[in-house]
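# Chains, contacts and geometry: an overview
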Amino acid sequence: MLFFSFLLNANLQAQSKAVQFRLYDFNDGLTHRNVLKIQQDTFGFIWIATISGLNKYDGHQFVHFTQESSIHQIPSNYLTDMMIDEENQIWLGCGHDLIKMDASTGDFKLIELERDPRLVSDDFHHYNIFKDQNGNIWTAGYLEQTGKSWIQKSAEGNQLSS
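Now for a description of the structure that goes with this document. (Residues numbered from 1 in each chain as written. Predicted model: local features only at pLDDT ≥ 70, side-chain atom pairs only at ≥ 80, totals over all residues. Heavy atoms only, no water.)

### Concerning the overall build of the protein
Looking only at helices and strands, one finds 1 helix and 11 strands in the protein. Written out in order from the N terminus, the α and β elements of the protein read α-β-β-β-β-β-β-β-β-β-β-β. In the protein, which comprises 162 residues, the proportion classed as buried is 38%. For the protein, the proportion of contacts with a sequence separation of at least 24, taken over those separated by at least 6, is 37%. Accessible surface computed for the protein: about 10,500 Å², of which carbon and sulfur atoms make up 52%. (Helix = DSSP H or I, 4+ residues; strand = E, 2+ residues; numbered from the N terminus. Buried < 20%, exposed > 50% of the residue type's maximum accessible area, 1.4 Å probe, protein only. Contact = heavy atoms within 4.5 Å. Areas by Shrake-Rupley, 256 points an atom, 1.4 Å probe, with all protein chains shown as cover.)

Written out as structure tokens, the structure is:
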């Protein structure tokens, strides 16, 4: 009975430490409810990739990076993945484009990739962007209509940097 009482008491204490969440939505300034990735940069900002653009959250408000923005413009609103590297560069899968953006300035560069002729199509999308310990960028993707998939890695010595 004493053992059961101990377990019951431990269970009650564990339940009293509930994690609280704050809900963010359109009313708070989020560009879309379909969120694909959330990451934090070295400055402490939270970056949220959605199907309607990129959101930067400073703890109080959202700043939007969209195709339509005159101040914080990116080439496409439809983001398929995001990765922030140790140099505060934000790598975005924008459908069939790969974008590298400086988190501190918002300047971006379209990364030119050699494409396998079998994958040349506006239908392919970059997913799962990853930077390895040697600085190589890896990206996985697929052709939505055919279901073909691939993994692409930057060539040795070519880390896709500017």
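Picking up after the structure, the text goes on.
### Quick look at the pattern of salt bridges
What the rule picks out here adds up to 4 salt bridges. When the shortest N-O distance is used, the salt bridge between Asp28 and Arg22 registers 3.3 Å. Here Lys131 ties to Asp85 by a salt bridge, and the two come within 3.1 Å at their closest N and O atoms. Taken together, the residues span a long stretch of sequence, with Lys131 in strand β9 (residues 124–131) and Asp85 in the loop between β5 (81–84) and β6 (89–94) at a distance of 46 residues. By relative accessible area, which is 17% here, Lys131 ends up buried. Taken together, the salt bridges that share partners define one network made up of Asp85, Glu86 and Lys131. (Salt bridge = Lys/Arg side-chain N within 4 Å of Asp/Glu carboxyl O.)

### A closer look at the environment of Leu113
One can find Leu113 in the loop between β8 (108–111) and β9. When the C-alpha positions of Leu113 and Asp97 are compared, they lie 8.8 Å apart, and in sequence the two are 16 residues distant.

### So, the sheet that holds strand β7 (residues 97–102)
Strand-to-strand pairing in sheets goes through backbone hydrogen bonds, with the strands running parallel or antiparallel. The strand order across the open sheet formed by 4 strands is β5-β6-β7-β8, and the pairing between neighbours is antiparallel. Bordering the open sheet on either side are β5 and β8, each of which pairs with just one other strand. For this sheet, the mean angle separating the axes of adjacent strands, direction not counted, is 20°. Inspection of the sheet shows β7 paired to β8 by 4 bridges, in the antiparallel sense. Bridge pairing links Met101 to Phe108 in β8. (Pairing = 2+ DSSP bridges. Axes fitted to C-alpha atoms, helices over the stretch in contact; angles between N-to-C directions.)

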